[in-house]
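Spelled out from the first residue to the last, the chains are:
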Amino acid sequence: MDRRKDYGYRMPTFQSKHPNGEERSGSNYRRIPWGRRPPPPRDVAILQERANKLVKYLLVKDQTKIPIKRSDMLKDVIQEYDEYFPEIIERASYALEKMFRVNLKEIDKQSSLYILISTQESSAGILGTTKDTPKLGLLMVILSVIFMNGNKASEAVIWEVLRKLGLRPGVRHSLFGEVRKLITDEFVKQKYLEYKRVPNSRPPEYEFFWGLRSYHETSKMKVLKFACKVQKKDPKDWASQYREAVEMEVQAAAVAVAEAEARAEARGHPPLQIPLISSSSISMESRYSFGIFIHS
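About the cut-offs
- Residues numbered from 1 in each chain as written.
- Predicted model: local features only at pLDDT ≥ 70, side-chain atom pairs only at ≥ 80, totals over all residues.
- Heavy atoms only, no water.
- Pairing = 2+ DSSP bridges.
- Helix = DSSP H or I, 4+ residues; strand = E, 2+ residues; numbered from the N terminus.
- Buried < 20%, exposed > 50% of the residue type's maximum accessible area, 1.4 Å probe, protein only.
- Phe/Tyr/Trp six-rings, centres within 6.5 Å; stacked < 30°, edge-to-face > 60°.

Caption draft 1: The sheet that holds strand β4 (residues 68–69), seen in detail. One open sheet accounts for three strands, arranged β4-β6-β5; its pairing is antiparallel. Among the strands making up the open sheet, the edge pair consists of β4 and β5 (102–108). Bridging between β5 and strand β6 (residues 113–118) involves six bridges; their strand directions are antiparallel. Within β6, the residue paired with Asp108 across the bridge is Leu113.

See below:
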């Protein structure tokens, strides 16, 4: 017989702290948050070292042309110095601009996606860090079709043009491989194109639009001039497209001035030390190459 029950005896409740921050009470646990961990002390040498690593990381990652996520930069390079992300990325941006003539550009603030853009002008009208210049030529054709069709083009229209160039869905090409996969998967992941289903279409129909990267690596004026060169016409022959391209040029110029002023203001502090990176240590595939290819 349990006499503790007869006399109203109650076992005392013991509480103890677990090393993982949990408070123990009998068989129940209640997690007590540690609170926000303090950032490591600001050490300029360490921040510069992380910026150096970030430069190399960005140049290598850019070879795929898939936009680079801020979360990946934090996880793979910056790590516990995430509190100093703005300063580290500014130091890396400075080195990329001065040593490799490329700008680090955030193309999607909501998803925090970044790309590298050459500061050198391309005679082809589109920029890139890839050796696949034939693919860039094909991309220019698709971008021009989209622009000349009111900034969107149905999949049927795109394939009508590509068939004239000897490209067909399901038929592997010696330069482009599987063309459908290239334009609906690779170019889409790289943010050169958007590929969307037409709402309520039965059977499903799809349309192509310019992707975020295309707006930064080329312009509607360059694409219009490209189309005019192929068609042997003057840009003003397409009056509405010409007006739109001019408006975009003006807007882009205003944005460029504002960004340049912001960078100059941000760098008003003592000049940042250029990372100790030898340009010879970077793969040639991570440098910018230009040119255009039109399959005929």
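Caption draft 2: Layout of unusual backbone geometry. Residue Pro203 is reached from Arg202 by a cis peptide bond, and omega for that bond is -5°. Relative to the elements of secondary structure, Pro203 occurs in the loop between β10 (193–197) and β11 (206–210). Positive phi, normally seen in glycine, also occurs at Gln79, with a value near 55°. Among the structural elements, Gln79 can be located in the loop between α3 (70–78) and α4 (85–100). On the basis of relative accessibility, which here comes to 41%, the residue Gln79 falls in the partly exposed class. Despite not being glycine, Asn200 shows a phi value in the positive range, around 65°. Tracing the backbone shows Asn200 in the loop between β10 and β11.

Caption draft 3: Representation of the packing of aromatic side chains within the structure. What the rule picks out here adds up to six aromatic pairs. Their ring planes at 80° and their centres at 6.2 Å tell us that Phe187 and Tyr192 sit as a pair that is edge-to-face. Assessed through its relative accessible area of 2%, Phe187 is described here as buried. Their ring planes at 55° and their centres at 5.2 Å tell us that Trp210 and Tyr215 sit as a pair that is tilted. We classify Trp210 as buried; its relative accessible area is 5%.

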